[in-house]
Amino acid sequence: MIELFHWEPNTFSLKPLVVLHEKGLEFASHYTNFQDPACTIAAPGGSETELTHNPELTGPVLVDCGTAMTESFFLSLFLDEAYPERPLRPADAKGRWRVLMWARYVNEVLTPAICTLGCKAFLVPELKKRERVPLEAAIAALPTLERRNAWLDA
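Is there a simple way to explain helix H1 (residues 11–22) in this structure?
Given 3.6 residues per helical turn, the α-helix brings residues three or four places apart onto the same face. Between its first and last C-alpha atoms H1 spans 16 Å; for 12 residues at 1.5 Å apiece the expected length is 16 Å, and the two agree. Here H1 has its buried residues at Thr 11, Phe 12, Ser 13, Lys 15, Pro 16, Leu 17, Val 19 and Leu 20. Buried positions along H1 lie against strand E1 (2–6), strand E2 (27–31), helix H3 (72–82) and helix H4 (93–128). Phi turns positive one or two residues past the end of H1, at Gly 24, with a value near 70°.

As structure tokens, this is what we get:
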């Protein structure tokens, strides 16, 4: 059984959700509050290393046949290859190139813009409700400087 740990509004979580639905795959949906800096995922049989070193850090986490995987773009590629009955990518090299070109644009241009808007609309109001000292401690414990700075900016 495929399991997806995700939240919204988040472009990272949206990508595999779209793929799962487009391919008509059955999966267990686990809404996970990645907005909590102390959030951890206990994925059964999952690789703790993979989950710890997830560059997106805000999910999603896909578990398939006991293996936990991260990074939304690669999850989408995995799902399309692992479940080929309803392919989403073209069979020819030029078509696959076109898909990868658009994926790069979405990942590098659209996603940061959408994240900024989502952060302003949803994350900032939520963070304002929290006590500052415990929140700052949780942010200080985040594994990467980039992620700590993003949370501090919010």
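I'm lost on the packing of H1 against H4 in this one. Help?
Each pair of packed helices can be summarised by the angle the axes make with each other and by the distance between the axes. Running from N to C, H1 and H4 cross one another at 120°; their axes reach a closest spacing of 10 Å. By the criterion of interaxial angle, the relationship of H1 to H4 is oblique. Along the contact surface, H1 presents Thr 11, Phe 12 and Lys 15, while H4 presents Asn 107, Thr 111, Ile 114 and Cys 115.

So what exactly am I meant to see when it comes to unusual backbone geometry here?
For residues other than glycine, phi is negative in most cases, and the peptide bonds are mostly trans. A positive phi angle is found at Cys 65, which is not glycine, with a value near 50°. Relative to the helices and strands, Cys 65 is located in the loop between strand E3 (61–64) and strand E4 (67–69). In this structure Cys 65 comes out as exposed when scored by relative accessible area, which is 69%. For Glu 71, which is not a glycine, the phi torsion comes out positive at approximately 75°.

Would you explain the sheet that holds E1 in this entry?
Strand order in this open sheet of four strands is E2-E1-E3-E4, and the pairing throughout is mixed. The open sheet terminates on both sides in strands that have one partner only, identified here as E2 and E4. Direction aside, the axes of adjacent strands within the sheet are offset by 20° on average. Looking at chain direction, E1 and E3 are connected through three bridges and run antiparallel. Counterpart to Leu 4 in the pairing with E3 is Leu 62. Contacts from H1 reach E1 and E2, with the element oriented near 150° to E1. Contacts from H3 reach E1, E3 and E4, with the element oriented near 25° to E3.

Please clarify how the pattern of salt bridges should be interpreted in this entry.
Once the charged atoms of two side chains with opposite charge are near each other, the side chains can pair. Inspection of every chain in the model, using the stated rule, returns five salt bridges. Across the pair Glu 126 and Lys 129 runs a salt bridge, and its minimum N-O distance is 3.5 Å. Using a relative accessible area of 65% as the deciding quantity, one classes Lys 129 as exposed. For Arg 132, the salt bridge identified is with Glu 136, shortest N-O distance 2.9 Å. Of this pair, Arg 132 and Glu 136 both sit in helix H5 (residues 132–140), separated by four residues, roughly a single helical turn. Each member of the salt-bridge network shares a partner with another, and the members are Lys 23, Asp 80 and Arg 89.

Conventions and cut-offs
Residues numbered from 1 in each chain as written. Predicted model: local features only at pLDDT ≥ 70, side-chain atom pairs only at ≥ 80, totals over all residues. Heavy atoms only, no water. Helix = DSSP H or I, 4+ residues; strand = E, 2+ residues; numbered from the N terminus. Expected span 1.5 Å × (residues − 1). Buried < 20%, exposed > 50% of the residue type's maximum accessible area, 1.4 Å probe, protein only. Contact = heavy atoms within 4.5 Å. Axes fitted to C-alpha atoms, helices over the stretch in contact; angles between N-to-C directions. Parallel < 35°, antiparallel > 145°, perpendicular 65-115°, else oblique. Pairing = 2+ DSSP bridges. Salt bridge = Lys/Arg side-chain N within 4 Å of Asp/Glu carboxyl O.

The quantities given are spatial measurements derived from coordinates; they are silent on function.
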